Amino acid sequence: MTSLFASGPTRPGSYVPHAPEDALEGIPAAQRREDLDLPHMAEIEVARHFTALAHANYGIDTGIYPLGSCTMKYNPKVNEALSRLPGLARLHPYTPVERVQGALELMDRLARALREITGMDAISLQPAAGAQGELTGILMIRAYHEARGDAGRDQVIVPDSAHGTNPATAAMAGFQVVTVPSDARGGVDIDALERALSPRVAALMLTNPNTLGIFEDRIAEIAQRVHGVGGLLYYDGANLNAIMGITRPGDMGFDAVHLNLHKTFSTPHGGGGPGAGPVGVKAPLEPFLPTPVLEATADGYRFSWERPRSIGPVRSFFGNFGMLVRAYAYIRALGPEGLREASEQAVLNARYLKHRLADVLDVPYERDAMHEFVLSARSLQRATGVRALDLAKRLLDHGVHPPTVYFPLVVEEALMIEPTETESLQRLDGLAEAIRSVVAEARRDPDAVRRAPERTPVGRLDEVRAVRAPDLGARP
Ligand SMILES: *Cc1c(COP(=O)(O)O)cnc(C)c1O
């Protein structure tokens, strides 16, 4: 097969000088590598190959990326630049603390800001992801009950709209998961919750607004009831985009919370890069924070291991420091007013988009959306056979990244849309028009939509095989 990218002996690719005649002298024959089967490829073709691949990528810097729950918002480049400052980026975790006081001060300031944003009393910056933050929080809650001699608590309650990491976390921490259904308004079914409550309950895990984008307006009552049976409340704050500067988990009655800095606080994600899932707790849980704990003393900052009731380290060293720098820069650049504005804009954008789409897809919950909303392609599927997955695939042909589909699980044929605060009116209209035209096409010519995508380098993948046996060498 010949192609532009084929290699061959006529295409030398390197400017490395040939080895001198005597280069092999003294190297035992068995260790010599003389006839290596290296590709022959001109440097410029290598550069073009990788540039072409990079152009085939879709990211937030190329267009709107409305993945609900994931918050694929624009991350200001200045935060990237700051995190790359050599004095921050080149720090080694074994550097003596006396020499990294500035970095520790940054961590302390970030922790203070996150305490204020969440209404918590203490923060650990250690966990490296949302799921790890959850596990850290639930292990602290377990340790809290155990320390009080309250040994019979073996259940964690999770609503059916929860992110999958919540039940997984509870199970990994050794708890039995008790699922409570959503009510017709999209919130926690209070009667079902009441029936699930007992002295066996260690905690309730909740996202508010939940993954339907609906604010749980009975949260104070829910908190009271859970606390009433001696349970604690865990807030999944992976996505804090709706509430920054407006309300706080601590004020709603939650005892522990994790945040995804890589969702809400300006760290690019989606390529599986490093994240950060700091955990905040109220004072009664503070003794259980992971070690080492950053402490400010008269002689400067230090890491303390003297925490007899700590659940121990959950990660090597002190967290993904680069993410902490980005989050700190983001928070300082926006300030309290700016954070609030970001949330208000995120909610406004979601409500606008929901309004623009409410007449072409089903609206399972009428209540006002917060930062995200969920629509359903159920009626469309009944009428035309076109599913949410087909709509998503067809959107790719419009050059648009589709929203999250089939989550949350409580909505059939779900499309979960989070436009984020950084999108303009023009972009929101562009997305609305793309979705509207795909729905119209589905009614006119359903087969065309079911064949999609047609304009992408590859068509429909066997998604299970793509995950289990990825062919990373395949050429478009
Ligand atoms: C993304 C997300 C998580 C998990 O965060 P990771 O960093 O991917 O582990 C948990 N809960 C919610 C609501 C999320 O959106």
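Residues numbered from 1 in each chain as written. Predicted model: local features only at pLDDT ≥ 70, side-chain atom pairs only at ≥ 80, totals over all residues. Heavy atoms only, no water.

As a further point, take the sheet that holds strand β11 (residues 404-405). Judged by pairing direction, the sheet is antiparallel, and its three strands sit side by side in the order β10-β12-β11 without closing on themselves. Both edges of this open sheet fall to β10 (373-376) and β11, since each of them pairs with a single strand only. As defined by bridge partners, β11 adjoins strand β12 (residues 414-417) across two bridges and the pair is classed as antiparallel. Paired with T404 across the two strands is M416, which belongs to β12. Packed on one face of the sheet, helix α11 (residues 321-357) meets β10 and β12 and runs near 15° to β10. (Pairing = 2+ DSSP bridges. Helix = DSSP H or I, 4+ residues; strand = E, 2+ residues; numbered from the N terminus. Contact = heavy atoms within 4.5 Å. Axes fitted to C-alpha atoms, helices over the stretch in contact; angles between N-to-C directions.)

Take the packing of aromatic side chains next. Using the criterion set out here, one finds seven aromatic pairs in the structure. A connected cluster of aromatic rings, assembled from ring pairs, spans Y94, F303, F317 and F318. (Phe/Tyr/Trp six-rings, centres within 6.5 Å; stacked < 30°, edge-to-face > 60°.)

Turning to the pattern of salt bridges, a few remarks are in order. The final tally for this structure, using the stated rule, is 33 salt bridges. Here E412 makes a salt bridge to R378, at a shortest N to O gap of 3.0 Å. Taken as a pair, E412 in the loop between β11 and β12 and R378 in helix α12 (residues 378-384) lie far apart in primary sequence, 34 residues in all. For E412, a relative accessible area of 40% translates into the label partly exposed. By relative accessible area, which is 36% here, R378 ends up partly exposed. One salt-bridge network, held together by shared partners, links R394, D397, E441, R451 and E454. (Salt bridge = Lys/Arg side-chain N within 4 Å of Asp/Glu carboxyl O. Buried < 20%, exposed > 50% of the residue type's maximum accessible area, 1.4 Å probe, protein only.)

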